[in-house]
Amino acid sequence: MRHFLKSAGIIFLLTSSTVFAQNKVTLSGDLGKHTINRHIYGHFAEHLGKCIYGGFYVGENNTKIPNKDGVRMDVVEALKKMKIPNLRWPGGCFADTYQWKDGIGPKANRPKIVNVWWGNVTEDNSFGTHDFLNMCELIGTEPYLAGNVGSGTVKDLSDWVQYVNFKGVSPMSDLRAKNGRENPWKVRYWGVGNEAWGCGGNMKPDYYANIYRQYATFMNASFENNERLFRIASGASDNDYNWTETLMREIPHNMLEGIAMHHYSVIDWKHKGPSTTFTEELYFKTMKEALLMDELVKRHSTIMDKYDPAKKVALVVDEWGGWYDVEPGTNPGFLFQQNTMRDAVLAGATLNIFHKYCERVRMANLAQVVNVLQSVILTNEEKMILTPTYHVLEMYNVHQDATMLPVEVQSNDYTFGNEKLPAISVSASRDKNGAVHVSLVNIDPNKAQDITINVTGVNASGVTGRILTSGKVQDYNTFENPGKIQPAVFGGASLKNNVLTVKLPPVSVVVLELK
Ligand code: AHR
C-alpha cells in the first residue's frame, strides 16, 4: 500500500508538472480591431559595404549579371516575392553626409567622395536618386528617403523634396526633367535626419526638436494633390525614453507623422560574438536582447500615448536586427555577417512583437537588406542566396495589412544557467479573404514545444502550415548549398473543436493557415 501511494504520488507530481509546463494560448478571432500595417515589413539599404555596390547595383555595363540599368534582377525578383513594402535609403549614418545633388546628372561628372562612416572607401555616386527611385518602381516598393540634417541645409532637403515630388514648373522639377525624368516619383516617406543623438550630429533632444521643426516646415509645400508627406523624426536609441518624451512634447503633432526608434540585438558592442560559431550562451543573450523589443516598444508607446492618445503619430522602428562580428577576413567597416537559424528565430519573434503593438508601430525597417548585418539576401559576384531571415519575412507576409487578432500566451521557460526566457512567441491575424494566420516561434534550441491554442471567433475546419527549421541553431545557407534552410510543408498541427494543437521542433518558425 505504501508502495502504491508512493508511486501514485510520483504519477501525480509528474502529471501536474507536465500540465504546468504546457504552453497555452488563447486566440480571440472576434476581437480583432487594429491593422498590421504592411510597412512594418520594410527594409533598409545604405551606402555601406556591399549593400548598394555589388548587392543592388552592378553597373550598366555588367554583362555577367542580368540587370536593368545596373540593378541586378535576381535581387529585384527575390524582393518582389518577399513583398517588400518600403525601402529606406541612403542611410543610416551615411544619410547625414549625403549631398543628393552629387548623385544626379551624367555619371561621369559625378564627384567621387569618401564614405567616412563605412571604411573610408571611395563613393563614386554612380547610384543616386534616379537609380534608387527607379529601382523602387522596378521592385514595386515605396521609397523612404532619409534626409541629411547633420551636415546639410534646410534648402538642400526642401530642394530634394521638390526634385522628386513636384510636378509643375520649378527649378528642381526642371532639373529633374533635364536629367531624364519628366514625372515626379511621389515619395511619401521622409526621414528628417538619422540618429541625431549620435552619427547624425551628436545633438541633444531639445536642440534636435527645434531643428526638426525648422526642416519639417519647408518639407511639405511641394507634394502633389495636397497629399501630405510622412515625416519621420530621428528617434531614440533603445531605452532613451527622454528622447521620445522631448520630441513628443516639443514638436507640434501637425508637423510630425512618425518618430523613429532603433534597437539592435547586440550582446556587447565591443565583443559582439561570431555570426555562426556562437555558443548557446551567446544565443541566449542575443534572444534576450531581441525580446527586449517588447519592453522598448511598450514604454516608448506609453510616452507617446501621454501626448497623443489618439495615436496619430507612428512609432517607426526603422533600424532593427541582429548585429555580430564581421566575418573573418572581411573589411570591419563593411558589417558583413552570415545569417543563421538564430536570425530566423529573432526575426519571427520581433515581428510577433510588432504585430502585438501594431496600433502604434506602423513602420519598421530591418537592417539591412543585402550583404550588411541581418540581411535577407547575400551576393557574391553573380551568385545570390536567400538567408533564413528572408524565408521568415516571406512566410510572414500573409500578415501584411491583415487585422491583428489578440493572443494571450502562457509559455514554457527556455532556461540557460539562472536565467529564463519565454520559449514560444505567437501572433495571429485575419486577412482580407477571411483566412486566419498564426505565426509561432520556438526559441528553445534543445526542446520541442507542445502548444494548445484555444481558438474563439474563427470559423475554420482545417489547418495547413509551413515551417522553417534546421538541425542546429548555427545552421545557415551558403553559396555552395543555398537550399539547406528553406520553408517546408508543416504537418505538426491539427484543429479539432476549436482547439489547435501544435508541436514545434527546437528553433523553428511556423506559419499556420486556418480555413
Ligand atoms: O546599420 C548600420 C548603422 O547603425 C546605421 O548606419 C546607423 O544608423 C546605426 O547606428
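Residue positions are counted from 1 within each chain, in the order its sequence is given. Residue-level local features of this predicted model are given only where pLDDT is at least 70; pairs of side-chain atoms are given and counted only at 80 or more, and the full residue set underlies all totals for whole chains, interfaces and linings. Calculation of side-chain values draws on the structure's entire complement of heavy atoms; hydrogens and water are dropped beforehand.

Novice: Quick question: what am I supposed to make of the sheet that holds strand β11 (residues 258–265) here?
Specialist: Across a sheet, paired strands are connected by hydrogen bonds in the backbone, their directions being either parallel or antiparallel. Here, a strand pair is defined by DSSP locating no fewer than two bridges between the strands. Numbering goes from the N terminus for both helices and strands, where a helix is a DSSP run of H or I of at least four residues and a strand is a run of E of at least two. Read around the closed barrel, eight strands run β2-β5-β8-β9-β10-β11-β12-β13, paired in parallel fashion. Going across the sheet, the axis of each strand differs from the next one's by a mean of 30 degrees, ignoring polarity. In this sheet, β11 lies alongside strand β10 (residues 230–237) in parallel orientation, the contact comprising four bridges. Residue pairing across strands places A233 opposite I259, the latter belonging to β11. The criterion used for residue contact is that any of the two residues' heavy atoms lie within 4.5 Å. Here an axis means a line fitted to C-alpha atoms, over the contact stretch when the element is a helix, while the angle between two N-to-C directions is reported on a 0 to 180 degree scale. Here helix α9 (residues 341–356) sits on the sheet in contact with β11, β12 (314–322) and β13 (361–367), set at roughly 170 degrees to β12.

Novice: Looking at this model, I keep getting lost on unusual backbone geometry. Mind explaining?
Specialist: If a residue is not glycine, its phi is most likely negative; likewise, a peptide bond is most likely trans. With an omega of 10 degrees, the peptide bond between G91 and G92 qualifies as cis. Its location among the elements puts G92 in the loop between β5 (86–89) and β6 (113–115). Here the bond from A367 into Q368 is cis, since omega is -10 degrees, no more than 30 degrees from zero. Along the chain, Q368 turns up in the loop between β13 and β14 (377–380). Not every positive phi belongs to a glycine, and K186 is a case in point at roughly 65 degrees. For every residue, the accessible area (1.4 Å probe, protein chains only) is compared with the maximum for its type, and the residue is labelled buried under 20%, exposed over 50%, or partly exposed between those bounds. The exposure class of K186 is partly exposed, given its relative accessible area of 40%. One non-glycine residue, K311, adopts positive backbone phi at about 55 degrees. Among the structural elements, K311 can be located in the loop between α8 (280–307) and β12.

Novice: Is there a simple way to explain the pattern of salt bridges in this structure?
Specialist: Pairing between side chains becomes possible if they bear opposite charge and their charged atoms approach one another. Between Lys or Arg on one side and Asp or Glu on the other, a salt bridge is scored when a side-chain nitrogen of the former is within 4 Å of a carboxyl oxygen of the latter. Summed over all chains, the structure comprises 28 salt bridges. The partner of E137 in a salt bridge is R181, with the nearest N and O atoms 3.0 Å apart. You can see E137 sitting in helix α3 (residues 129–139) and its partner R181 sitting in the loop between α5 (171–178) and β9 (189–192), a full 44 residues away along the chain. Sharing partners across several salt bridges, the network here consists of E60, K107, R110 and D131.

Novice: Help me out: how do you make sense of the packing of α8 against α9 in this one?
Specialist: The description of two helices packed together rests on the angle between their axes and the distance between the axes. One way to put it is that α8 packs onto α9 with a least axis distance of 9 Å and a crossing angle of 15 degrees. What the angle tells us is that α8 and α9 run roughly parallel. The hand of the α8/α9 crossing is right-handed. Contact with α8, carried on its side by L282, Y283, T286, M287, A290, L291, M293, D294 and V297, involves R342, V345, L346, A349, T350, I353, F354 and K356 of α9 and no other residues of that element. Residue classes follow a fixed rule: Ala, Val, Leu, Ile, Met, Phe, Trp, Tyr, Cys and Pro count as nonpolar, while Asp, Glu, Lys and Arg count as charged, and any other residue, Gly among them, counts as polar. Looking at the contact of α8 with α9 residue by residue, the class counts come to 12 nonpolar, two polar and three charged. Geometric relationships in this document are graded by angle, where less than 35 degrees denotes roughly parallel, more than 145 denotes roughly antiparallel, 65 to 115 denotes roughly perpendicular, and other angles denote oblique. In this scheme the crossing of two helices becomes right-handed for a clockwise turn of the near helix relative to the far one and left-handed for an anticlockwise turn of less than a right angle.

Novice: Where do I start with the environment of G417 in this structure?
Specialist: Within the secondary structure, G417 sits in the loop between β18 (413–416) and β19 (419–422). With a relative accessible area of 67%, G417 lands in the exposed category. A sequence separation of 154 residues divides G417 from H263, and the C-alpha atoms of the two residues are 25 Å apart.

Novice: Mind showing me how you'd approach the domain arrangement of the protein chain here?
Specialist: It is common to give the size of an interface as the accessible area that goes away when the parts come together. Each domain span listed reflects an automatic or database assignment of domains. Domain parsing of the protein chain yields domain 1 (6–32 + 406–514) and domain 2 (38–400). Facing 42 residues of domain 1, the contacting portion of domain 2 comprises 36 residues. Taken over both partners, the interface formed by domain 1 and domain 2 buries close to 3,200 Å², and the fraction arising from carbon and sulfur atoms is 69%. Joining two parts hides part of their accessible area as seen by a 1.4 Å probe, and the buried area is that hidden amount summed over both. The largest contributions to the domain 1 side of the interface with domain 2 come from F416, L421 and F479, which together make up 20% of the buried area.

Novice: When you look at the sheet that holds strand β20 (residues 424–430) in this model, what are you seeing that I'm missing?
Specialist: One open sheet holds the six strands; their spatial order is β16-β20-β21-β27-β23-β24, and the pairing between them is antiparallel. Strands with a single pairing partner mark the edges of an open sheet, and in this sheet they are β16 (403–405) and β24 (488–489). Here strand β23 (residues 463–469) pairs with strand β27 (residues 508–514) via seven bridges, running antiparallel. When the sheet's bridge partners are listed, L468 is paired in β27 with V509. α9 rests against β16, β20, β21 (436–442), β23 and β27 of the sheet, and its axis sits at about 135 degrees to β21. Set on the sheet, helix α10 (residues 388–396) makes contact with β21, β23 and β27; between it and β23 the angle comes to about 165 degrees.

Novice: For this particular structure, what's the right way to read the site of the ligand?
Specialist: Note on terminology: near, applied to a residue and a molecule or strand, indicates that one of the residue's heavy atoms is within 4 Å of it. The local shell around the ligand consists of F44, E46, G92, C93, W118, N194, E195, Y264, E319, W323, Q368 and L373. Take N194: an N or O atom from its side chain is 3.0 Å from an oxygen atom of the ligand. Counted as a polar contact is a pair of N or O atoms within 3.5 Å, where, for protein atoms, one must be capable of donating a hydrogen and the other of accepting one, and residues adjacent in sequence contribute only when both atoms are in side chains. At 2.8 Å from an oxygen atom of the ligand is found a side-chain nitrogen or oxygen belonging to Y264. Per-residue and other accessible areas follow the Shrake-Rupley method at a 1.4 Å probe size, with only the shown protein chains counted as cover for residues. Burial of the ligand by the protein amounts to 93% of the accessible area it has alone, namely 280 Å². Among the residues making up the shell around the ligand, the classes are represented as six nonpolar, three polar and three charged.

Novice: Which parts of the structure should I look at to understand a nonpolar patch on the surface?
Specialist: Only residues whose relative accessible area exceeds 30% and that take part in no salt bridge are eligible for patches, with like-charged residues grouped when within 9 Å of each other and nonpolar side chains (Val, Leu, Ile, Met, Phe, Trp, Tyr) grouped when within 5 Å. Where nonpolar side chains cluster on the molecular surface, the patch consists of V114, V116 and W117 and spans about 280 Å² of accessible area. Topologically, V116 is positioned in the loop between β6 and β7 (121–123).

Novice: In this structure, what is going on with the UniProt feature "domain: Alpha-L-arabinofuranosidase C-terminal" (unreviewed entry) in the protein chain? I would like to understand it.
Specialist: UniProt positions are given in the numbering used here, feature names are shortened, and annotations may be inferred rather than shown by experiment. With numbering matched to this structure, UniProt assigns "domain: Alpha-L-arabinofuranosidase C-terminal" (unreviewed entry) to residues 318–508. As annotated, residues 318–508 has a helix share of 13% and a strand share of 40%, and its two end C-alpha atoms lie 26 Å apart.

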